Amino acid sequence: MTEHAPESTLPYPPVHKDKKFVVLSDWDGTITTCDSNDYMTDNLGFGKEKRRAGNLDILSGKYTFRDAFHEMLDSVSSNGHKFDECIDILRKNIELDPGFKEFYKWCKGNDIPVIIVSSGMTPIIRAVLSNLVGEDDAKDIDIISNDVDIHPDSTWSIKFRHPTSGYGHDKSQAILPYRDLPDPPMLFFFGDGVSDMSAAKHADVLFVKEKPNGENDLAAYCTAHGIRHILFRDFSQALGVVQSVVKGEKTPDEVLSAGRIE
Ligand SMILES: [Mg+2]
């Protein structure tokens, strides 16, 4: 799989070696309740209808995530919204999954790294994360994401980590180095949308967030491709499942067979 690895334009944080378990999670719509890029596109860019059509075109394979997502964000910048203004708006409007703080605290206390793997832009994620979990925890959490290019005329565009990949950021490249370790950890991945398609099949235990707004794109993708996953509504539910695997009470196969947390 790694022979087709796209070249990365951005650095990676060091791989956490000698861990028994590692959590990798999407940011937008998974750790947060609302996707910040969707929020910007819907409210400041070309609007929800066109954005949803773009998501569904990605899901059906008509457009790459990279190209459709680039267009969505360009619609925000071309409507005159500067990047700093977008950060301010998102800090005021984006909220954390109600169970994430507790989940993160438990992982930290049990020597389980939590890594954010996102198709969003690092400066936005850092600003919103520090606002939601506090500066100290925000500094401890690795973020592997895309970045932003601010142009001399103050317009901006997304800078993709993997510009040669149709995913823009191929999230499998954050997971596969763990698989290559001599004694690989068990990998939990959490996601919700089309930006997670590149990661879905590479985790040992995949959690897919059920969205109250019905935008269950990752669940649709996994179902279409026969990728086993566990549907969850928030991290407080997921914590019990992760604990049962970490404590050895259940195997990944057992929790994946259940398919859903009731
Ligand atoms: Mg997401």
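So, how was this worked out
Residues numbered from 1 in each chain as written. Predicted model: local features only at pLDDT ≥ 70, side-chain atom pairs only at ≥ 80, totals over all residues. Buried ≥ 20, exposed ≤ 12 C-beta atoms within 10 Å, placed from the backbone. Helix = DSSP H or I, 4+ residues; strand = E, 2+ residues; numbered from the N terminus. Pairing = 2+ DSSP bridges.

Where an unreviewed UniProt entry is consulted, the protein appears under the name Phosphatase, with the organism given as Pleurotus ostreatus.

Visitor: Hey, could you go over the pairing of strand β1 (residues 21-25) for me, with residue numbers and the actual values?
Guide: Here β1 lies mainly inside the structure; four of its five residues are buried. Bridging between β1 and strand β5 (residues 186-191) involves five bridges; their strand directions are parallel. Across the sheet, residue Val23 finds its bridge partner in β5, namely Phe188. Looking at chain direction, β1 and strand β2 (residues 114-121) are connected through three bridges and run parallel. Directly across from Ser25, in β2, lies its bridge partner Ile116.

Visitor: Talk me through unusual backbone geometry; I want residue IDs and the actual numbers.
Guide: What you tend to see is this: most non-glycine residues have negative phi, and most peptide bonds are trans. Even without a glycine there, the phi angle at Asp18 is positive, about 60 degrees. C-beta crowding within 10 Å serves as the criterion here: with 9 such atoms nearby, Asp18 is assigned to the exposed category. Of note in the backbone geometry, Ser154 takes a positive phi value of approximately 75 degrees without being a glycine. Counting through the fold element by element, Ser154 comes out in the loop between β3 (142-150) and β4 (156-159). Its 11 C-beta neighbours within 10 Å are what place Ser154 among the exposed residues.

Visitor: Break down the pairing of β3 for me, citing the residues and quoting the values.
Guide: Along any regular strand, the residues point their side chains to alternate faces of the sheet. Relative to β3, β2 is paired through four bridges, and the arrangement is parallel. Of the residues in β3, the one forming a bridge with Ile116 is Ile143. Both β3 and β4 contribute to a ladder of four bridges, which runs antiparallel. From the neighbouring strand, Val148 faces β4, where its bridge partner is Ile158.

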